[in-house]
Amino acid sequence: MSSPFHAGEQWVQSRAGVREKAEQIGSRMIRSFMPDQHCEFFAQLPALLVAAVDREGQPHASVLWGTTGFAWSPHPELLCVGANAQADDPIAPLLHPSAMVGLLGLEWPTRRRNRMNGRIVVSDAQGFSVAVVQSFGNCPKYIQARDCRPAVRQPGPMLQGDGLDDELWALLQKADTLFIASHSADPQGGGVDISHRGGPAGFVEIGRDGRHWLPDYRGNRLFNTLGNLVREPRCGLLFVDFASGDLLQMQALADVVWPEQYAALGITAPPGAERMLALTPGRWVLRRSRLPLAFAAPDNSPFLPGLGV
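Residues numbered from 1 in each chain as written. Predicted model: local features only at pLDDT ≥ 70, side-chain atom pairs only at ≥ 80, totals over all residues. Heavy atoms only, no water.

Colleague: How should the overall build of the chain be read in this particular structure?
Modeller: Across its full length, the chain carries six helices and 17 strands. Taken over the C-alpha trace, the chain has a radius of gyration of 18 Å; the compact-globule value for 309 residues is 19 Å, and the two agree within 12%. Dimensions of the chain, computed from the C-alpha atoms along their principal axes, are close to 50 × 50 × 40 Å. Each of the 309 residues in the chain was classed as buried or not, and the buried ones make up 53%. (Helix = DSSP H or I, 4+ residues; strand = E, 2+ residues; numbered from the N terminus. Rg over C-alpha atoms; globule rule 2.2 N^0.38 Å. Buried < 20%, exposed > 50% of the residue type's maximum accessible area, 1.4 Å probe, protein only.)

Right under this line is the structure:
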């Protein structure tokens with residue numbers, strides 16, 4: 001049987017000393033169809049994280065939403081999404097037939113999350129349908145649980161720019177969650193992913209060189225995102241302001257930094273981080289008051305140092 005991992009993922013797994021174990025886990029949990037519980041899970045969500053890649057190879061991350069049941073599965077190899085991106089969303093023109101996409105379902109109150117990567121087979125004014133390539137669950141670590149409910153928001157303007165300004169700095173300082181879109185063109189297991197990253201408020205630090213430093217904590221040891229990034233450093237970031245519904249979408253270049261490199265770079269990793277991700281920010285779009293969900297105060301993840309309950 002062929003491996004469910006492409007060369008980049010295998011390289012990081014080997015570098016981290018978990019190659020054999022990752023292969024055993026991946027061959028068991030990564031499927032080419034959604035089990036019944038995943039089909040049911042997606043159908044009960046009010047929002048869905050999505051990643052796609054533009055024609056230049058730049059990944060973009062976004063979020064789609066609708067009433068409960070807006071995503072559904074008529075059979076285990078297909079997920080239908082009854083929503084489209086807003087016209088000013090950078091991902092809007094990318095959700096077309098034949099496009100590879102990454103989807104992440106996250107149930108905020110329970111920390112449950114499942115991923116599905118695949119190819120769009122049809123799209124129209126009502127939404128699109130994705131044929132499953134890979135489907136698997138993710139552990140609940142580092143997710144700040146939040147109760148949420150539908151909310152009426154008055155959409156605000158779209159701002160855009162390049163580089164960090166005071167407004168973005170304020171958003172990043174309070175962020176405890178981000179989503180990262182990445183991809184690999186590797187013919188064996190390549191595709192598009194979107195994954196969750198979480199930590200204490202302000203866990204994304206801004207270095208003197210302007211790069212964003214993201215701690216990489218111990219996870220499922222499959223290294224899907226890092227495996228993509230060592231082959232293709234371009235990525236897309238999504239930050240959600242849970243109070244206002246603002247959505248910040250940012251392009252970035254990523255560099256995986258291992259502990260033996262810290263001294264030369266003059267950095268110190270926060271407690272619990274096994275390595276760091278240095279992100280050089282590029283173009284960004286800030287879409288005001290867009291996500292129509294109201295979130296309660298977070299219930300901190302018990303897995304993060306200093307945040308345990």
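Colleague: How do you make sense of the sheet that holds strand S4 (residues 78-81) when you look at a structure like this?
Modeller: Two orientations exist for strands paired in a sheet by backbone hydrogen bonds: parallel and antiparallel. Read from one edge of the open sheet, seven strands run S2-S1-S5-S6-S7-S4-S3, paired in antiparallel fashion. Unpaired on one side and paired on the other, strand S2 (59-65) and strand S3 (71-75) mark the two borders of the sheet. The sheet shows a mean angle of 35 degrees between the axes of neighbouring strands, taken without regard to direction. In this structure, S4 lies alongside strand S7 (residues 127-138), joined through four bridges in antiparallel fashion. The residue bridging Leu79 from the neighbouring strand is Val130, located in S7. (Pairing = 2+ DSSP bridges. Axes fitted to C-alpha atoms, helices over the stretch in contact; angles between N-to-C directions.)

Colleague: Where do I start with the nonpolar core in this structure?
Modeller: For soluble globular proteins, nonpolar side chains are generally found buried alongside one another. With 27 residues, the main nonpolar core has Leu178, Cys235, Leu237, Phe239, Leu248, Leu277 and Leu279 as its most contacted residues. For this core, the element with the highest residue contribution is strand S15 (residues 247-257), accounting for five residues. Setting aside residues up to four positions removed in sequence, Leu237 forms contacts with Ala61, Leu178, Phe179, Ile180, Leu248, Gln249, Met250, Ala252 and Leu279. Counting residues in each nonpolar core, the second largest holds 25 residues, with Met34, Leu45, Leu64 and Met116 among its members. (Core = buried A, V, L, I, M, F, W, Y, C linked by side-chain atoms within 4.5 Å. Contact = heavy atoms within 4.5 Å.)

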